[in-house]
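# Coordinate inspection notes
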Amino acid sequence: MSLPLARRMDGVTSSPVRDLLALTARPGVISFAGGVPAPELFDVDGLRTAFDRALADGPAQRALQYSPTEGNPRLRELLAERLSGRGVPTTVDDLLITTGSQQGLQLLSTALLDPGATVLVEEPVYLSALQCFQLAEARIVPVPGDEEGIDPVALDEIAARERPSLLYLVPTFSNPSGRTVSPERRRALAEVIARHGFWLVEDDPYHELRYRGEREEPLSARPELAGRTIYLGTFSKVISPGMRLGWFRAPSDLLRRVTILKQATDLHTSTIDQAAAAEYLAAADLDAHVRRLCATYRVRRDAMMAELPAITPPGTTWTDPDGGMFVWVTLPGGADTDRLLPEALRHDVAYVPGSAFQVGEPDRSALRLSFASHGPETIAEGLRRLGKVLSP
């Protein structure tokens, strides 16, 4: 007889991406499933030097000891400068360093959401955010959108009806769709959020990975949203996901409460990783490194865009992202990408079915592809394999 679990676990589903990792780890599988940075682009030498400096900076024990929950002051100072340069004025006291931006999502869910609270999300939506909101026992309501992102008119109508606690949004190179909210939409969304008075949670992990067009200021930079935005980010996409470093920018009252929650969760994020990240930001040319990432990922995105027309059935549509890591493909004719996945794995290629990213009754004709972790030749071969499944 199994012992009972907490009721809050009843509505929490597993991540299909994590479940796929074991299946796609076998030799020969070309996986477009995970949003995984290209490992050959990690600045291993620069990071090795940064860790050496962190251990050599005064007594080595300092970088190996417990540290303040808020995070390494030098890292927060350097990060504040970088975020201010994005158009989001930030000081050291505005920031909490988190164990990846995923922890920031979990902390804010605990701090802001009582059971039954309403959370609005774009659809499709980042699936790990869904897990956090499910664990908080929130009521999750999707807001429709189009190629320009979430629809402000629909948001206005749904917010008036549902009285939400927050809107969760990845407005720049969204995971999973790859879409970016247009400047006009950003202004309209800010007006709706300010009028109804709920929190905006802006998750911005891909901000620097732009391959085309002009940079968009984060929604959190909009003056009408001052005091009601939570801005999340991470070093995972531009430095290393293994370091598990993210940040949480919020008004002081909320930040203080979330810091207490973090104390109860893990005391603080890894001291040595924070110290090394501070050394890296201070000494390395991160902007030059980001330019190298963008140059490489641009070629990989273009390779995927070039191959999709040849391997998909007539009537298929897909997004054409200006940055980030993802393409959202929608098949015609009532296709079911959940049912097609086992056949794709038999052809040694993997994707994530679109149903994983949708709330309520899913559109099973969609799938997410990530182009970041493979070179153009591998992308072409993987898509040829996928074509045998999509257009047999």
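Before any of the text, the structure's been laid out above.
The following refers to the structure shown. Given the structure is predicted, the values throughout are model-derived calculations rather than measurements.

Reading the values: the criteria
Residues numbered from 1 in each chain as written. Predicted model: local features only at pLDDT ≥ 70, side-chain atom pairs only at ≥ 80, totals over all residues. Heavy atoms only, no water. Phe/Tyr/Trp six-rings, centres within 6.5 Å; stacked < 30°, edge-to-face > 60°. Helix = DSSP H or I, 4+ residues; strand = E, 2+ residues; numbered from the N terminus. Buried < 20%, exposed > 50% of the residue type's maximum accessible area, 1.4 Å probe, protein only. Pairing = 2+ DSSP bridges. Axes fitted to C-alpha atoms, helices over the stretch in contact; angles between N-to-C directions. Contact = heavy atoms within 4.5 Å. Left-handed = near helix turned anticlockwise from the far one by under 90°. Parallel < 35°, antiparallel > 145°, perpendicular 65-115°, else oblique. Nonpolar A, V, L, I, M, F, W, Y, C, P; charged D, E, K, R; others polar. 1 Å grid on protein atoms, 1.4 Å probe; cavity = no way out; pocket = protein on both sides within 12 Å on 5 of 7 lines; lining within 4 Å. Points joined across faces, edges and corners; volume = space filled by probe spheres on them. Salt bridge = Lys/Arg side-chain N within 4 Å of Asp/Glu carboxyl O.

### Digging into the packing of aromatic side chains
In total, this model carries six aromatic pairs according to the counting rule given. Measuring from centroid to centroid gives 5.7 Å for Phe133 and Tyr168, while their planes differ by 70°, and the two rings are edge-to-face. Linking Phe133 in helix α5 (residues 127-135) with Tyr168 in strand β7 (residues 166-169), this pair joins segments that are 35 residues apart in sequence. For the residue pair Phe133 and Tyr168, the accessibility class agrees, reading buried in each case. Aromatic pair Tyr206 and Phe326: ring centres 5.8 Å apart, planes at 90°, arrangement edge-to-face. Residue Tyr206 is found in the loop between β8 (199-203) and β9 (229-234), and its partner Phe326 is found in strand β12 (residues 326-330); the two are separated by 120 residues along the sequence. By relative accessible area, which is 4% here, Tyr206 ends up buried. Phe326 gets classed as buried once you look at its relative accessible area, which sits at 0%. Counting every residue linked through ring pairs, the aromatic cluster contains Tyr211, Tyr297 and Phe371.

### Concerning the sheet that holds strand β10 (residues 246-249)
Overall, mixed pairing links the seven strands, which are arranged β2-β10-β9-β8-β7-β3-β4 in an open sheet. Each end of this open sheet is capped by a strand with a single partner; those strands are β2 (95-98) and β4 (139-143). Each neighbouring strand pair of the sheet contributes to a mean axis angle of 20°, computed without reference to strand direction. Two elements, β8 and β9, share four bridges in a ladder whose sense is parallel. Paired with Val201 across the two strands is Ile230, which belongs to β9. On top of the sheet, helix α4 (residues 100-112) reaches β2, β7, β8, β9 and β10; it is set at about 155° to β9, its chief contact. On the sheet, helix α6 (residues 152-162) packs against β3 (118-122), β4 and β7 and is oriented at approximately 155° with respect to β4.

### Focus: the packing of helix α2 (residues 44-56) against helix α9 (residues 271-283)
For the pair α2 and α9, the least separation of the axes is 8 Å and the interaxial angle reads 115°. In the packing of α2 onto α9, the handedness of the crossing is right-handed. Where α2 abuts α9, its residues Gly46, Leu47, Ala50, Phe51, Arg53, Ala54 and Leu55 lie against Ile272, Asp273, Ala275, Ala276, Glu279, Tyr280 and Ala283.

### A word on α5
Side chains three or four residues apart in an α-helix point the same way, a direct result of the helix having 3.6 residues per turn. Most of α5 is tucked away: eight of the nine residues are buried. Turning to α5, its buried residues are Leu127, Ser128, Ala129, Leu130, Gln131, Cys132, Phe133 and Gln134. Phi turns positive, to about 60°, at Glu137, one or two residues after α5.

### Quick notes on the packing of α6 against helix α7 (residues 183-196)
It is at 9 Å that the axes of α6 and α7 come closest, and there the two elements cross at 10°. By the angle class used here, α6 and α7 are roughly parallel. Counted together, Pro152, Leu155, Asp156, Ala159 and Ala160 of α6 and Arg185, Ala188, Leu189, Val192, Ile193, Arg195 and His196 of α7 form the full contact between these two elements. Residues belonging to the contact of α6 with α7 are distributed by class as follows: eight nonpolar, one polar and three charged.

### Quick word on the pairing of β2
Side chains of β2 alternate between two faces, with Leu95 and Ile97 and Leu96 and Thr98 buried alike. Where β2 meets β10, four bridges bridge the pair, whose relative direction is antiparallel. Looking at the pairing, Leu95 lines up with Arg249 of β10.

### Considering empty space enclosed by the protein
One pass over the structure, following the stated rule, counts three cavities of 30 Å³ or more. Its volume calculated, the largest cavity comes out at about 80 Å³. Along the walls of the largest cavity sit Glu122, Glu123, Pro124, Val143, Pro144, Gly145, Asp146, Gly149, Ile150, Ser174, Ser177 and Arg179, which together make up its complete lining. Those elements that provide at least two residues to the lining of the largest cavity are β5 (145-146) and β6 (149-150). Split into classes, the residues belonging to the lining of the largest cavity amount to four nonpolar, four polar and four charged.

### Thoughts on unusual backbone geometry
Negative phi characterises most residues that are not glycine, and trans characterises most peptide bonds. In this structure, Pro124 follows Glu123 across a cis peptide bond, with omega equal to 5°. Relative to the elements of secondary structure, Pro124 occurs in the loop between β3 and α5. For Glu137, which is not glycine, the phi torsion reads 60° and is therefore positive. Classification of Glu137 by relative accessible area gives partly exposed; the value is 22%. Of note in this structure, Arg244 is not a glycine but carries a positive phi near 55°. On the basis of relative accessible area, Arg244 is assigned to the partly exposed category, the value being 33%.

### A few points about the pattern of salt bridges
Enumeration according to the criterion identifies 21 salt bridges in this entry. Across the pair Lys262 and Asp266 runs a salt bridge whose closest N-O atoms are separated by 3.0 Å. Residue Lys262 and its partner Asp266 are both found in helix α8 (residues 252-266); the two are separated by four residues, about one turn of the helix. Overall, Lys262 belongs to the buried group, its relative accessible area being 0%. The class of Asp266 is partly exposed, set by a relative accessible area of 26%. Note that Arg385 is salt-bridged to Glu381, the shortest N-O span being 3.1 Å. Here Arg385 and its partner Glu381 are both found in helix α12 (residues 376-390), four residues apart, which amounts to about one turn of the helix. Among the residues examined, Arg385 registers a relative accessible area of 18% and is labelled buried. Residue Glu381 is classed as partly exposed on the basis of its relative accessible area, which comes to 30%. Within the structure, one salt-bridge network assembled from shared partners comprises Arg82, Arg86, Asp204, Glu208 and Asp287.

Function cannot be read off these values alone, since they describe shape.
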